[in-house]
Amino acid sequence: MLRRTAIRTLLGTLAVVPAVLAPIAVAAPANAGPRPHWVAAWEASSTQASTDAADCPAHTGLTDQTVRDVLTAATGGDRVRIRLTNVFGTTPLHVGRATLALRGAGADTVPGTTRGVTFHGRRAVTIPAGERIVSDPVRLSVPALHQLAVSVYLPDATGPATQHPRGLQDSYLGAGDATSAGAGGYDTTIDCSLFLDAVDVTAAHRVAGTVVTLGDSITDGTASTRNTDSRWPNGLARRLDARPGRTLSVANAGISGNEILQDRVPVRYGPSALHRLDRDVFEVAGVRDVIVLEGINDIGAASATAEQLIAGDEQLIARAHAHGVRIIGATLTPFGGSNGQYGGDYGTAFGEQQRQALNQWIRTSGAFDGVIDFDRATADPSDPSRLLPAYDSGDHLHPSDAGYRAMADAIDLSLLR
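Everything numeric here is computed off the predicted structure, so don't read it as measured data.

**Student:** Now, about the overall build of the chain: what can you tell me, with residues and values included?
**Tutor:** Broken down by element type, the chain carries 10 helices and 23 strands. Against the 2.2 N^0.38 benchmark of 22 Å for 417 residues, the chain shows a C-alpha radius of gyration of 20 Å, consistent with a compact globule. Reported as C-alpha extents along the three principal axes, the dimensions of the chain are approximately 55 × 45 × 40 Å. Within the chain, buried positions represent 60% of all 417 residues. In the chain, 81% of the contacts between residues at least 6 apart in sequence involve partners at least 24 apart. By element, 53% of the accessible surface of the chain is carried by carbon and sulfur atoms, the whole surface being about 15200 Å². Charge-centre separation for the chain: the mean point of 36 positive side chains lies 5 Å from the mean point of 43 negative side chains.

See below:
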C-alpha cells in the first residue's frame, strides 16, 4: 500500500513533467543546402550503468578501447548520421575516432564500406557530461533491414558508460583504435550497446517518417532469440518495408524493466516513460507516430492501480499531441503464472484486475489515436490471464519468438500514417 500511495503522490506532481536530460547538440555543415529527409533507422534508449550486468562493461567503462556496436537499420538510405551519447556520463567523453560500415560476419565489416565519421568536420570530439551529439552526414548506401557496424574509439578513461543493456545483439570490444580493423581487431563480445543511441538515414521519399515503439522488456525483446531480430518492433519494420507505397521506419525505444510512472531501481531500467518522452520520442528523426506498450512493471513491481496508469497515459497522450505526434495505445499482454519468478504483483489477482481494467480503458476510452490489442493477440483462449503456451517463452511474462511474431502481425498498418 505504501508503494501505491507513493505513486499517487508522484502523479500529483506530474502535471508538467520537466525535461530531465539535456538537448542534443547537432553537428551540421554550414553549407548543408536543402534540408534532407532524415528518418531514424535505429534507436537504443539509453540507461545509466549499473553493477549488475556481467555481460556489459558499462559500469567500469572503457580505456584505450574501441566498441563496435552492431544494429539493424529498419529502413535504407544513401546518407547516414550517428548520434553518440554521454547522457549518463559524469565526465566529458573524448571520442578519438568513429567509423561506420555495413556489417559482415561476426565483428567483421563488408570490405570497401567503412566510412570515417566526423563532427563539425573533425574526426575527434568531446561530448560534455549529460549531452549527445549528431555526426556530420556520411555517404553510404544502406539497404533496408541490413546490419551496420558503428565503431567508436575511446582513447581515455570514460568512467561509467551510457549504455543500452541486454540488447540481444552481439557487439564487440577491441584494444586501441580498431575502428577500421576487421574481425581480428576484436576479442570480446558484449550484450549491450555503448555510447551510441541512434542512427538516422536519408530515406526514399515513400518513407514518410518514423514510428517509435515506447515500451519495456516486451518491446525490447527479452527472451527472444539472440542475434535474430525477433522483437515485435523488428517484425513491424519488416512488414512496413514490404508494404507498397507510403510507409514508415521503426525506432525501438524499449527498455527492459521500464515503468510509466517511476524511475525504477536498479538504474539500468531507465528513466520512466514520462521522464524520457522528450529524449526517446520527440527528438527522434522524422517521428510521426508512437506506439505505447507500458505499465506491466508499474503493476507488477510497484503495485500501481489502473487509475494511476490511466492518469500517466493521459499525460503521455497530451504531450504527444502537443508535439503533433499521433499516439497509439497497446493493451498489456497476459502475465498469469509469472509471480513465482518475478514476485510482487506480477500475475496476482490484484495485478490481473489492474491489467484488465487498464486494457478495457485503452480499448474503449477513445483517448488514444488508435489501439493495438496485443492482449487478445497473445492470450490463451482457455485462460485469458495467461499467454498462449506457443507464445510463452517459459517465464509466463515475456513472449517467445512466435509470440513476438503474433504481436507484429496483429498491428493494423493502416493505423500508422
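Still more to cover.
**Student:** Hey, could you go over unusual backbone geometry for me, with residue numbers and the actual values?
**Tutor:** Among all residues except glycine, the phi angle is most often negative; among peptide bonds, the trans geometry is most common. In the segment running from V265 into P266, the intervening peptide bond is cis, with an omega of 5 degrees. Inspection of the secondary structure puts P266 in the loop between β18 (247-254) and α4 (273-282). Residues other than glycine seldom take positive phi values, yet F195 does so here, at roughly 65 degrees. Locating F195 in the fold gives a position in the loop between β15 (192-194) and β16 (196-202). Even without a glycine there, the phi angle at N227 is positive, about 65 degrees. Checked against the element boundaries, N227 lands in the loop between α2 (217-220) and α3 (232-242). N227 gets classed as partly exposed once you look at its relative accessible area, which sits at 35%.

**Student:** For the sheet that holds strand β6 (residues 97-102), give the residues involved together with the corresponding values.
**Tutor:** Spatially, 6 strands are ordered β7-β6-β11-β3-β13-β14 in an open sheet, and the strand pairing comes out antiparallel. On the outer flanks of this sheet lie β7 (115-117) and β14 (188-190), each paired with one strand and no other. On average, each strand axis in the sheet is inclined to that of its neighbour by 25 degrees, with strand direction left out of account. With 8 bridges connecting them, strand β3 (residues 65-72) and strand β11 (residues 147-154) associate as antiparallel partners. Bridge assignment links T72 to a residue of β11, and that residue is Q147.

**Student:** Pulling in residues and values, what's your account of the pattern of salt bridges?
**Tutor:** Taken as a whole and assessed by the stated rule, the structure comprises 20 salt bridges. In this structure, R276 engages D280 in a salt bridge whose closest nitrogen and oxygen atoms are separated by 2.8 Å. Note that R276 and D280 are positioned in helix α4 at a spacing of 4 residues, about one turn of the helix. Considered together, R276 and D280 belong to a single accessibility category, that of buried residues. Residue R417 is joined to D289 by a salt bridge in which the shortest nitrogen-to-oxygen separation is 3.5 Å.

**Student:** How would you summarise α4 if you had to cite specific residues and measurements?
**Tutor:** For α4, the buried fraction is high: 10 of the 10 residues fall into the buried class. All of the buried residues along α4 are A273, L274, H275, R276, L277, D278, R279, D280, V281 and F282. The inward-facing, buried residues of α4 abut β2 (38-43), β9 (132-134), β17 (207-215), β18, β19 (287-293) and α6 (306-322).

Scoring rules and cut-offs
- Residues numbered from 1 in each chain as written.
- Predicted model: local features only at pLDDT ≥ 70, side-chain atom pairs only at ≥ 80, totals over all residues.
- Heavy atoms only, no water.
- Helix = DSSP H or I, 4+ residues; strand = E, 2+ residues; numbered from the N terminus.
- Rg over C-alpha atoms; globule rule 2.2 N^0.38 Å.
- Buried < 20%, exposed > 50% of the residue type's maximum accessible area, 1.4 Å probe, protein only.
- Contact = heavy atoms within 4.5 Å.
- Areas by Shrake-Rupley, 256 points an atom, 1.4 Å probe, with all protein chains shown as cover.
- Lys, Arg positive; Asp, Glu negative; His and termini not counted.
- Charge placed at Lys NZ, Arg CZ, Asp CG, Glu CD.
- Pairing = 2+ DSSP bridges.
- Axes fitted to C-alpha atoms, helices over the stretch in contact; angles between N-to-C directions.
- Salt bridge = Lys/Arg side-chain N within 4 Å of Asp/Glu carboxyl O.

Coordinates in, geometry out; function isn't part of it.
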